[in-house]
Amino acid sequence: MERRRSFPDVLAGGIFVLIGGAFAVGSLSYSLGTPLRMGPGYFPLVVGAIMAALGLAIVVKGLIAGEVVEFGAIPWRAVAALTVALVFFGFTVRRLGFVPTSLVTAFLVTLASQRVKLLTALAVAAGLTVASTLIFVVGLQLRIPLFGPWLGL
Amino acid sequence: MELLDNLALGFSTAFLVQNVLYCFVGVLLGTAVGVLPGIGPTATVAMLLPITFSFEPVTALIMLAGIYYGAQYGGSTTAILINLPGESSAAVTALDGHAMARQGRAGPALAAAAIGSFIAGTVATVVLAVAAPPLADIALKFGPAEYFSLVLLGLIVSIALARGSALKALAMIALGIMFGTVGQDIYTGTPRFVFDQRELYGGIDFVSVAVGMFGVAEILRNLENEHTRTATVGKVKNLWPTAEDRRRIVGPILRGTGLGAALGVLPGGGHVLASFTSYAVEKRISKRKQEFGRGAIEGVAGPESANNAAAQTSFIPLLTLGLPAHPVMALMIGAFIVHGITPGPNVITDEPALFWGLIASMWIGNVLLVLLNLPLIGMWVRMLRIPYAVLFPMIILFAAIGTYSLSFNAFDVYAIAFFGLLGYILIKCGCEPAPLLLGFVLGPLLEENLRRALIISRGDATVFLTRPISASLLVVAVVALVIAVLPAISKRREEVFTEDDA
């Protein structure tokens, strides 16, 4: 096979080494126990080590004979919009209530697209809020207050 | 003739007007909710469960079974149409089902899923009625060592699903298992990797991982090149499978049914194993291997049949041993208990009308499912015409609400974002998300049974090789690993020549 470097391979391998290593190191702070009676740290340590080893193998392979994977651009705007929207939803659904939270979350998500116009975004957000209120609160009897304590209701 | 008497009793119960009616309502509601993006069967059943509490026990359980089938089919529909499996077993369906949808063949994909599910459901119901008692005996022989080997086999088999390198698939499995260890340790109660956040003690929710890895990551990929992207899917050509399609799905449906009926009996992820194994088998024996992952109808029909057959037979451990084989079965146990019935061996003798009525209603549920869904395929396919600017906010919002509603835990929603970003980067690097998901689901079972087996054997690790069932499962796992790794090397060379038109 032709020798070629593959950035995605190295990155993926690096992620595996990092997360596997972190879990392995983290599991050292729990009791390991013996193979007979494994403590809470034993299994994560073994799997974490295996994962780090696999990650290392992927890095090495990526440097010598990597897979050709097109990495492409990262849509930073979408990444930011989706993350902010989800965190907003989780944080405020209890505090603001179902309706305002859904409205803002849906609006934030629509901003992920570069081509969206402000009016369209507002319309989509409003429509989805009505739909989700009907489906989840009216239809499925989800027990989330429509308007929460932050609004003084 | 005992069986016929039993079935007669079952059908006389199941055919009561209110039972048929609520079974239908259950199927309808289950499909309608299950088809919502990001809401899988577990979430659907969990959300609809409270509705059934006010009915008679038999009616309530029949309705719940209907909800479950409906939800499962609804979940397959979203997996096919918008590549968003709500549950791990539907992740397999999404591989080829969504590829078919992109080629404008969503109709045949949905029809193959419905027909396969119906045939599998019918056959598996008979299997359930005939084999429940003897199969329960076999399942009783499964000790922790056997479970461990079985789960390991399931994980290895899932490598066959990954299109990229086997190495990356293995690492993804390990990553999934790692995330599965977050939360309280089952034996000691020690909280692991929770960073002092009480909300993480219960572990990471499966739904968050699935929605993040498949839903959010897929949306981010779609938003990558908005300027060049024209439409998510090709034009819908025909709604019905062609004669060629029909010929191609017969074998996969029959094999999937057999596999699913057999594997569904095994407590713990049998339905996941069934659909994954069926896919692997179809891919292995197909003459058109290169089509798999790019819209092979066999890759939809087989796993869907296996999944549905397993869904039926997973009632066997529940009804005979009181063991939930499946998160939905755990909810069913809850429903049994609410109605004052303890699931277990006594159900058959103490509540024969309920036991056989439930079995008969499974078949009725399947008939209703096919009657309801074949005419509606046109409507589901029309879902594809929703503009993407509306669709992706809908997926994210519904997923956030659905996930939050499972346990009212804000961390489950944050986890969606986390797994979405992680999944997006890993997918960009050529890693497939399906093995991670399976590792996440099966990891805790792997650990639990490993530790239990070693405690029982007093630390003797050879127990996995000295017990015959366990040993043979491990041998199959090793063979599967070798097969998965070896052809990967030669196959990739082939693909260099054939991939250009993909």
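By the naming in an unreviewed UniProt entry, chain B is DUF112 domain-containing protein, taken from Asanoa iriomotensis.

Within an unreviewed UniProt entry, the label attached to chain A reads Membrane protein, and the organism entered is Asanoa iriomotensis.

**Quick word on empty space enclosed by the protein**
Residue and element names in this part refer to chain B. Inspection of every chain in the model, using the stated rule, returns 2 cavities of 30 Å³ or more. The computed volume of the second largest cavity comes to approximately 30 Å³. If you trace the second largest cavity, you find it lined by Gln72, Tyr73, Ser76, Ser117, Glu304, Asn307 and Asn308. Of all the secondary structure elements, the ones that give two or more residues to the lining of the second largest cavity are helix H4 (57-82) and helix H12 (298-313). In terms of residue class, the lining of the second largest cavity is built from 1 nonpolar, 5 polar and 1 charged.

**A short note on the packing of helix H4 (residues 98-110) of chain A against helix H17 (residues 388-407) of chain B**
Packing of H4 of chain A against H17 of chain B leaves a shortest axis separation of 9 Å and a crossing angle of 140°. Taken together, the axes of H4 of chain A and H17 of chain B lie oblique to each other. Viewed along their axes, H4 of chain A and H17 of chain B form a crossing whose handedness is right-handed. On H17 of chain B, the residues that touch Phe98, Ser102, Thr105, Ala106, Val109 and Thr110 of chain A of H4 of chain A are Ala389, Phe392, Pro393, Ile396, Leu397 and Ile401 of chain B. A per-class count over the contact of H4 of chain A with H17 of chain B returns 9 nonpolar, 3 polar and no charged.

**Remarks on the packing of aromatic side chains**
Note on aromatic pairs: each is described by the distance of the centres and the angle between the planes. Residues and elements named next belong to chain B. Scanning the entire structure with this criterion turns up 16 aromatic pairs over all chains. Taking 5.6 Å as the distance between ring centres and 90° as the angle between the ring planes, the aromatic pair formed by Tyr404 and Phe408 counts as edge-to-face. Take Tyr404: its relative accessible area is 2%, and that puts it in the buried class. Between Phe411 and Tyr414 the ring centres are 5.6 Å apart and the planes differ by 65°, which places this aromatic pair in the edge-to-face class.

**A word on helix H3 (residues 41-52) of chain B**
Residues and elements named next belong to chain B. Over its 12 residues, H3 extends 16 Å from the first C-alpha to the last, a length consistent with the 16 Å expected when each residue adds 1.5 Å. With 9 of 12 residues buried, H3 is to be regarded as a mostly interior element. What H3 keeps buried is the set Pro41, Thr42, Ala43, Thr44, Val45, Met47, Leu48, Leu49 and Thr52.

**Thoughts on the interface of chain B and chain A**
Listed by partner, the interface residues are 72 residues for chain B and 65 residues for chain A. Of the roughly 6000 Å² buried between chain B and chain A, counting both surfaces, carbon and sulfur atoms make up 80%. For the salt bridge of Lys168 of chain B with Asp9 of chain A, the shortest nitrogen-to-oxygen distance reads 2.5 Å. When contributions to the side of chain B that touches chain A are tallied by element, the ones reaching two or more residues are H3, helix H8 (166-180), strand S2 (191-192), helix H9 (206-224), H17, helix H18 (410-428), helix H19 (433-456) and helix H21 (468-498) of chain B. Residue contributions to the side of chain B that touches chain A peak at 13 residues, all from H17 of chain B. Of the residues belonging to the side of chain B that touches chain A, the class tally is 49 nonpolar, 11 polar and 12 charged.

Reading guide: rules and limits
Residues numbered from 1 in each chain as written. Chains lettered and ligands numbered in written order. Predicted model: local features only at pLDDT ≥ 70, side-chain atom pairs only at ≥ 80, totals over all residues. Heavy atoms only, no water. 1 Å grid on protein atoms, 1.4 Å probe; cavity = no way out; pocket = protein on both sides within 12 Å on 5 of 7 lines; lining within 4 Å. Points joined across faces, edges and corners; volume = space filled by probe spheres on them. Helix = DSSP H or I, 4+ residues; strand = E, 2+ residues; numbered from the N terminus. Nonpolar A, V, L, I, M, F, W, Y, C, P; charged D, E, K, R; others polar. Axes fitted to C-alpha atoms, helices over the stretch in contact; angles between N-to-C directions. Parallel < 35°, antiparallel > 145°, perpendicular 65-115°, else oblique. Left-handed = near helix turned anticlockwise from the far one by under 90°. Contact = heavy atoms within 4.5 Å. Phe/Tyr/Trp six-rings, centres within 6.5 Å; stacked < 30°, edge-to-face > 60°. Buried < 20%, exposed > 50% of the residue type's maximum accessible area, 1.4 Å probe, protein only. Expected span 1.5 Å × (residues − 1). Buried area = accessible area lost by both parts, 1.4 Å probe. Salt bridge = Lys/Arg side-chain N within 4 Å of Asp/Glu carboxyl O.

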